[in-house]
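Descriptive structure summary
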Amino acid sequence: MAGSKLVDEIKATGAATAYVITPRAKNRVEIANNASTACKEAGVKHLVVVSILAVELETLFGRQFSEIESHVKTLGLHFTILRLPVFMEVNWMSAESIKGQSTVYGPVKPDTLFTPVAVSDIGLASAAILANPVPYANKTFKIATKAHSYNDLAKAFSEALGREIKYVQVPYADTREGFVSSGIAEWQADGGLEVLKLFDAESPATNNPEGAAHFRTITGLDPLTIQQWVAAVADGFK
């Protein structure tokens, strides 16, 4: 049973549809499941729930989101699940190395293909479903863009910035150290490395061609490519 204060706050909105976003907290399964339960107790009829493409895999993040999805399906409500990949916005972590060294560092092989998504596209798909949830009831969608590699990413930055940007592969251990030193919690750094290793394994959880098609089904639009995203944010990397 969810906390009465949260239930009352949701009930006061009069919302028939709710959007459940999972935080970075280590106990995020508990937080997300409490939120979903509170929505039911408040009279919400449809939940739109953010999940991940790796939900069916035996990884840290996969196990967490598997529990979240499973709980939603036990509530007896209509639901729509959006399974998401890595966000394009993680490239902001390379802003300083691009500015100062004209380099993107990462542990993934330079030619490995993967399908991320822009946060703005998540917003577009989510808004379309929230505005008219009935056609999407009890369905799961994968949202992603066209596949690219880290070499493609470096080329996109080179074109947008007017100078050569290189991609340099580094050991996974060095990447973990960089994550932790930047303030990312160790448990989350370990989970992030598991995801990056799925890139090199060419897993469907990180290279999923269905994602762009699902996005078009929901929005009628093509998702942003990495070239379009880089061109839009290039000033922040100069």
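The coordinates are above.
Report on the accompanying structure. (Residues numbered from 1 in each chain as written. Predicted model: local features only at pLDDT ≥ 70, side-chain atom pairs only at ≥ 80, totals over all residues. Heavy atoms only, no water.)

What about the nonpolar core?
In globular proteins that are soluble, nonpolar side chains generally tend to be buried together. One finds Leu47, Tyr150, Phe157, Leu196, Trp229 and Phe237 to be the most contacted residues of the largest nonpolar core, which totals 55 residues. With seven residues, helix H8 (residues 186-200) is the largest single contributor of residues to this core. Excluding its chain neighbours within four sequence positions, the residues that come into contact with Leu196 are Pro107, Val108, Tyr150, Tyr172, Thr175 and Phe179. Within the second largest apolar cluster, 13 residues are counted, among which are Ile122, Ile129, Tyr136 and Phe141. (Core = buried A, V, L, I, M, F, W, Y, C linked by side-chain atoms within 4.5 Å. Buried < 20%, exposed > 50% of the residue type's maximum accessible area, 1.4 Å probe, protein only. Helix = DSSP H or I, 4+ residues; strand = E, 2+ residues; numbered from the N terminus. Contact = heavy atoms within 4.5 Å.)

Remarks on helix H2 (residues 28-41)
Here H2 spans 20 Å end to end across 14 residues, near enough to the 20 Å set by a 1.5 Å rise per residue. What H2 keeps buried is the set Arg28, Val29, Ala32, Asn33, Ser36, Thr37, Ala38 and Cys39. With its phi angle positive at about 95 degrees, Gly43 sits one or two positions after the end of H2. (Expected span 1.5 Å × (residues − 1).)

Remarks on the pattern of salt bridges
Applying the stated criterion to the full structure yields nine salt bridges. Two residues, Asp190 and Arg176, come together in a salt bridge whose shortest N-O distance is 2.6 Å. Here Asp190 is found in helix H8, whereas its partner Arg176 is found in helix H7 (residues 172-181), with 14 residues between them in sequence. A residue is classified by how much of its surface remains accessible, and Asp190, at 33% relative accessible area, is partly exposed. The class for Arg176 is partly exposed, based on a relative accessible area of 25%. Between Asp222 and Arg216 there is a salt bridge; the shortest N-O distance is 3.1 Å. (Salt bridge = Lys/Arg side-chain N within 4 Å of Asp/Glu carboxyl O.)

Looking at the sheet that holds strand S3 (residues 78-84)
The strand order S1-S2-S3-S5 describes an open sheet built from four strands, whose pairing is parallel. Whereas interior strands pair on both sides, the edge strands pair on one side only; in this sheet they are strand S1 (17-20) and strand S5 (139-142). On average, adjacent strands in this sheet sit at an angle of 20 degrees to one another, irrespective of strand direction. Where S1 lies against strand S2 (residues 46-52), four bridges are found, and the strand directions are parallel. Paired with Tyr19 across the two strands is Val48, which belongs to S2. Against the sheet, helix H9 (residues 210-219) touches S3 and S5, its axis set at about 120 degrees to S5. (Pairing = 2+ DSSP bridges. Axes fitted to C-alpha atoms, helices over the stretch in contact; angles between N-to-C directions.)

Observations concerning the packing of H7 against H8
The description of two packed helices rests on the angle between their axes and on the distance between the axes. Contact pair H7 / H8: the axes reach a minimum separation of 9 Å and the direction vectors enclose 140 degrees. Remark: the crossing between H7 and H8 carries right-handed chirality. Every residue of H8 that contacts H7 at Tyr172, Thr175, Arg176, Phe179 and Val180 is listed here: Glu186, Ala189, Asp190, Leu193, Leu196, Lys197 and Asp200. Split into classes, the residues belonging to the contact of H7 with H8 amount to six nonpolar, one polar and five charged. (Left-handed = near helix turned anticlockwise from the far one by under 90°. Nonpolar A, V, L, I, M, F, W, Y, C, P; charged D, E, K, R; others polar.)

Quick notes on the environment of Ile226
Relative to the assigned elements, Ile226 resides in helix H10 (residues 226-233). In this structure Ile226 comes out as buried when scored by relative accessible area, which is 2%. Separated by 79 residues in sequence, Ile226 and Ala147 have C-alpha atoms that sit 8.8 Å apart.

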